Amino acid sequence: MSPTTVLGSWSFVFYSSVSFWIALIVVILLARLLPSNPRARSWLLLVCSSVLLLAIPQFSLGDLFLVWGMATVSFGVSHILSWPKGVWSEGLRPWLAAFGVLAVLGFLAVFKYGFIQDFLWAPREHASSTNYLSLLGVSYFSFKAIQVIVDSFKGSVARFDALTYFNFITFFPAFISGPISRYNQFAEQLSADKRGTIRVDLKLGAERIVHGLFKKFVLVQLFFPYAIVSQATPLAQQSTWQILLGLYAYALYLYFDFSGYSDMAIGAARLIGIELPENFNWPFLQKNIREFWGSWHMSLTSWLVDYVYWPIVRKLRNLQYFRVRPVLLSIVGMNATFVAVGAWHGEALNFILWGVYHGIGISAVNVYQRQKRRIRNKRVQRYFASRMSQVVGIISTFHFFIFGLALFALNMEKLRILFSRLAG
Amino acid sequence: MRKLLKPVLDHWKTISLTFEIFWILVFTLEAAATSSPPEVSQFVYTYF
């Protein structure tokens, strides 16, 4: 059933249509004025999130049922895992947690990768990206579900209930592309009495929305036409400088688009009374690629550190070989995490190469930082502490990211053309 | 110089918000006025 059947002709794109903003104002008024009781507010938000998601043109009632279905399974698993010790056999808990995580990953993989859809159903003729099934926001709510399953297994989830969980999964301001909030913080805010914070929430929320609108509707419009992905001239006919400028413009477009979206999501949530985590912190002013990743798509980076990097490192630390080689252990963990990030961006080889590229970059920074501390030469130490060294670091980091973007934005054929152009 | 910049720094938030709102309005009105307004690209991370 299409959203138009449910909502008449009412449909809109989040953060881009006037009707979305009108709907948001209605939700804010209802959430702020009607219920002073947190439970009623939670019900109201759940209903509003569901209705607003159905208004997205690419999101149908069937999609909403799929999201609820996945949320029901992950809630069931997390709920059993959060039972007190002794109720459920201790030996079975890891198996149940593994089942929950694999079920969510399987769900995510089906909607993300065309080759899995080809494997499950007959390969489509003339398959293209438009032939494959997709589900809006699937990565983001899947990551949230995995987070709750793992935290329930560890026993670190407080106040676990279905209403809060379904709100956490379907919370509309962050549904499309995050930021990926943490369950405990979200639950705490959903249940808090927000009457005393209205003034500051409205002020900060509105400011963030203005910043986001400025990035999306002004800066993105300025940079997008020059980005390497939107130029009509074939790569083979472009000069090296044109290609380089295209990559600069693409980096700025990507940053303003995604951070603009994040500003609007954070601002909209704040107006409702929910604080979402930050997603960006001046990434292009960071001095090395490790710091860069600590300030770009931060909610995903911290999720990856907690739910991919540390589990890998903890597992490998049990091996004697890695226990005595902590630097190598960190490098292996980092590279495995970035390969996973690359695979998450897409199934094509260029995304995996992009992951490997950043994994190697961060590993090199880790090794360099350790070696740097051992240098005793005062002149070199003075340089490391100087402003010049910081500027060099910022420029190098930006360019390291820019060249990585070529791997991210272009397919293998275009990459081959690009490298042959740059080489000669 | 610092004295000269003080009023700007004191009201930095108001100045930057006014600047941003002004340009949002300019771009929105321009898009509304042109017969073929520039298409706003979809958010990059929508389908990730």
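(A) Main features of the overall build of chain A. Secondary structure assignment for chain A yields 19 helices and zero strands. Computed over its C-alpha atoms, the radius of gyration of chain A comes to 23 Å, within 12% of the 22 Å expected for a compact globule of 424 residues. Here the C-alpha coordinates of chain A stretch approximately 65 × 55 × 55 Å along the principal axes. Among the 424 residues that make up chain A, the fraction classed as buried is 50%. Summarising the internal contacts of chain A: among those between residues at least 6 apart in sequence, 71% fall at separations of at least 24. One way to put it: in chain A the 38 positive side-chain charges average out to a point 13 Å from where the 18 negative ones average out.

(B) Region of the structure containing the overall build of chain B. Within chain B, the regular secondary structure consists of two helices and zero strands. Across the 48 residues of chain B, 23% fall into the buried class. When the accessible surface of chain B is summed, it comes to about 3900 Å², and 71% of that surface belongs to carbon and sulfur atoms.

(C) Spotlight on the packing of aromatic side chains. Residue and element names in this part refer to chain A. Tallying each qualifying case throughout the model produces 61 aromatic pairs over all chains. Seen in terms of ring centroids, phenylalanine 292 and tryptophan 296 are 5.5 Å apart; in terms of plane orientation they differ by 20°. Their pairing is stacked. Assessed through its relative accessible area of 1%, phenylalanine 292 is described here as buried. Ring geometry for tyrosine 368 and phenylalanine 384: centres 6.3 Å apart, planes at 90°, overall edge-to-face. Residue tyrosine 368 is located in helix H16 (residues 349-374), and its partner phenylalanine 384 is located in helix H17 (residues 378-385); the two are separated by 16 residues in the primary sequence. Note on tyrosine 368: relative accessible area 43%, which makes it partly exposed. Of note, lysine 144 hangs over the ring of phenylalanine 168, and the distance from its end group to the ring centre comes to 5.2 Å. When the ring centre of phenylalanine 384 is taken as origin, the NZ or CZ atom of lysine 372, which lies over that ring, is 4.9 Å away.

(D) Structural detail: unusual backbone geometry. Residues and elements named next belong to chain A. Following glycine 178, the chain continues into proline 179 via a peptide bond in cis, with omega recorded as 0°. Within the secondary structure layout, proline 179 lies in the loop between helix H8 (162-170) and helix H9 (183-191). One non-glycine residue, tyrosine 15, adopts positive backbone phi at about 65°. Its location among the elements puts tyrosine 15 in the loop between helix H1 (3-7) and helix H2 (18-33). Here histidine 297, not a glycine, exhibits a phi torsion of approximately 45°, which is positive. Mapping histidine 297 onto the fold places it in the loop between helix H12 (289-293) and helix H13 (298-317).

(E) Broad picture of the nonpolar core. Residues Phe14, Tyr15 and Tyr165 of chain A are the most contacted members of the largest nonpolar core, which totals 136 residues. For this core, the element with the highest residue contribution is helix H11 (residues 240-272) of chain A, accounting for 17 residues. Residues within four places of phenylalanine 14 of chain A in sequence aside, it is in contact with Phe20, Leu52, Leu53, Ile56, Phe172 and Ile176 of chain A together with Phe43 of chain B.

(F) Geometry of the environment of leucine 190 of chain A. All names here are of chain A. Mapped onto the elements of the fold, leucine 190 is located in helix H9. Between the alpha carbons of leucine 190 and leucine 45 there is a distance of 9.5 Å; along the sequence they are 145 residues apart. Excluding its chain neighbours within four sequence positions, the residues that come into contact with leucine 190 are Pro38, Arg41, Ser42, Leu45, Thr164, Asn167 and Ile274.

(G) Local environment of the layout of surface pockets. Residues and elements named next belong to chain A. The calculated volume of the second largest pocket comes to roughly 850 Å³. Those elements giving two or more residues to the lining of the second largest pocket turn out to be helix H5 (93-112), helix H7 (138-154), H13 and helix H15 (326-345). If you tally residues by element for the lining of the second largest pocket, the top one is H13, at 10 residues. The residue inventory of the lining of the second largest pocket, partitioned by class, reads 24 nonpolar, one polar and five charged.

(H) Looking closely at a nonpolar patch on the surface. All names here are of chain B. A cluster of nonpolar side chains, contributed by Met1, Leu4, Leu5, Val8, Leu9, Trp12 and Ile15, occupies part of the molecular surface with about 760 Å² of accessible area. For the nonpolar patch, the secondary-structure elements that each account for two or more residues are helix H1 (2-10) and helix H2 (12-33). In terms of residue count, the dominant contributor to the nonpolar patch is H1 (four residues). With relative accessibility at 37%, the residue isoleucine 15 sits in the partly exposed group.

(I) Representation of the packing of H17 of chain A against helix H18 (residues 387-409) of chain A within the structure. All names here are of chain A. For the pair H17 and H18, the least separation of the axes is 4 Å and the interaxial angle reads 60°. It follows from the interaxial angle that H17 and H18 lie oblique. Across the interface between the two elements, Tyr383, Phe384 and Ala385 from H17 touch Arg387, Met388, Ser389 and Val392 from H18. In terms of residue class, the contact of H17 with H18 is made up of five nonpolar, one polar and one charged.

(J) Local environment of the interface of chain B and chain A. Each partner contributes to the interface: chain B provides 19 residues, whereas chain A provides 35 residues. Together chain B and chain A conceal approximately 2500 Å² of surface at their shared face, both sides included; 68% is due to carbon and sulfur atoms. Where chain B packs against chain A, one counts one salt bridge. Between glutamate 207 of chain A and lysine 13 of chain B there is a salt bridge whose closest N-O contact spans 3.3 Å. Residue composition of the side of chain B that touches chain A, grouped by class: 13 nonpolar, three polar and three charged.

(K) Representation of the confidence of the model for chain B within the structure. In this model, chain B carries a mean pLDDT of 83, and residues with pLDDT of at least 70 account for 77%. In the model output, the complex is listed with pTM 0.91 alongside ipTM 0.89.

(L) Main features of a positive patch on the surface. Residues and elements named next belong to chain A. Together, Arg290, Arg370, Arg373 and Arg374 make up a positively charged patch on the protein surface. It is H16 that provides the largest number of residues to the positive patch, a total of three residues. Assignment of secondary structure puts arginine 374 in helix H16. Taking the relative accessible area as the measure of exposure, arginine 374 reaches 54% and is therefore exposed.

Analysis parameters
Residues numbered from 1 in each chain as written. Chains lettered and ligands numbered in written order. Predicted model: local features only at pLDDT ≥ 70, side-chain atom pairs only at ≥ 80, totals over all residues. Heavy atoms only, no water. Helix = DSSP H or I, 4+ residues; strand = E, 2+ residues; numbered from the N terminus. Rg over C-alpha atoms; globule rule 2.2 N^0.38 Å. Buried < 20%, exposed > 50% of the residue type's maximum accessible area, 1.4 Å probe, protein only. Contact = heavy atoms within 4.5 Å. Lys, Arg positive; Asp, Glu negative; His and termini not counted. Charge placed at Lys NZ, Arg CZ, Asp CG, Glu CD. Areas by Shrake-Rupley, 256 points an atom, 1.4 Å probe, with all protein chains shown as cover. Phe/Tyr/Trp six-rings, centres within 6.5 Å; stacked < 30°, edge-to-face > 60°. Lys NZ or Arg CZ within 6 Å of the ring centre and 35° of its normal. Core = buried A, V, L, I, M, F, W, Y, C linked by side-chain atoms within 4.5 Å. 1 Å grid on protein atoms, 1.4 Å probe; cavity = no way out; pocket = protein on both sides within 12 Å on 5 of 7 lines; lining within 4 Å. Points joined across faces, edges and corners; volume = space filled by probe spheres on them. Nonpolar A, V, L, I, M, F, W, Y, C, P; charged D, E, K, R; others polar. Patch = residues over 30% accessible without salt bridge, like charges linked within 9 Å, V, L, I, M, F, W, Y side chains within 5 Å. Salt bridge = Lys/Arg side-chain N within 4 Å of Asp/Glu carboxyl O. Axes fitted to C-alpha atoms, helices over the stretch in contact; angles between N-to-C directions. Parallel < 35°, antiparallel > 145°, perpendicular 65-115°, else oblique. Buried area = accessible area lost by both parts, 1.4 Å probe. pLDDT = per-residue confidence, 0-100.

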